[in-house]
Amino acid sequence: MMIKIAHKSEAETLKDLPVEVMAKALEIATILDDSYGKDRGEKDLGGYILIAEDKEDIVSINKLIDFGYTLPEYVDSISCSNGKNYTNALMLLSSDFSISLMVPYGLVPEKLLILYGI
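Computed from a prediction, not measured in an experiment: that's the story for all the values here. (Residues numbered from 1 in each chain as written. Predicted model: local features only at pLDDT ≥ 70, side-chain atom pairs only at ≥ 80, totals over all residues. Heavy atoms only, no water.)

### Overview of helix α2 (residues 55-64)
Argument step 1. Listing the buried residues of α2 in full gives D57, I58 and I61. Considered in projection along α2, the buried side chains sweep an arc of 100 degrees and stay on one side of the axis. Residues K55, E56 and K63 are exposed on α2 and point more than 90 degrees away from its buried face.
Argument step 2. Where α2 is buried, its residues contact β2 (46-51) and β5 (97-104).
Argument step 3. The N-terminus of α2 is capped by D54, whose side-chain oxygen sits 3.2 Å from the backbone nitrogen of E56. (Buried < 20%, exposed > 50% of the residue type's maximum accessible area, 1.4 Å probe, protein only. Helix = DSSP H or I, 4+ residues; strand = E, 2+ residues; numbered from the N terminus. Arc of directions from axis to C-beta. Contact = heavy atoms within 4.5 Å. Polar contact = N/O pair within 3.5 Å; in protein donor to acceptor, adjacent residues only side chain to side chain.)

Okay, here's the thing in structure tokens:
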């Protein structure tokens, strides 16, 4: 089941993820809270973090973000000590709204892999 957070106060939902993924998600959530406010809603400026856990999550995300049309601002790698590595792709959907998309390597859409040589 996909995890969605927008605030660092939602850290409890990350407890089953690798420590490195949890740390990156909390770092991004802290930046969003500091920059756009802790009380912002889902449709307010800032954005949120989506963490995919299975293929159905990727299908759902692709309905929200068309990987054939929307290119990430950047993609980086999250190396995890448990061996299950992730990518983190920053998808800018407007000048003040983004989605940080974290996906285990085995589920990363091929287009992202090719574009960024991961």
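From this point, things continue past the structure.
### Considering the nonpolar core
Argument step 1. Counting 17 residues, the largest nonpolar core has I61, F67, L101 and V103 as its most contacted members.
Argument step 2. The set of elements that each furnish at least two residues to this core consists of β2, α2, β4 (86-94) and β5.
Argument step 3. Among the elements that make up this core, the one with the highest residue count is β5 (4 residues).
Argument step 4. Among the nonpolar cores identified, the runner-up in size contains 15 residues, and L17, V21, A25 and I51 belong to it. (Core = buried A, V, L, I, M, F, W, Y, C linked by side-chain atoms within 4.5 Å.)

### What to know about the side chain of D33
Argument step 1. Among the structural elements, D33 can be located in helix α1 (residues 19-36).
Argument step 2. Of the polar contacts made by the side chain of D33, one reaches the side chain of R40; its length is 3.0 Å.
Argument step 3. When sequence neighbours within four positions are dropped, the list of residues in contact with D33 reads A6, H7, K8, K38 and R40.

### Considerations on the environment of E12
Argument step 1. Note on placement: E12 falls in the loop between β1 (3-5) and α1.
Argument step 2. E12 gets classed as exposed once you look at its relative accessible area, which sits at 55%.

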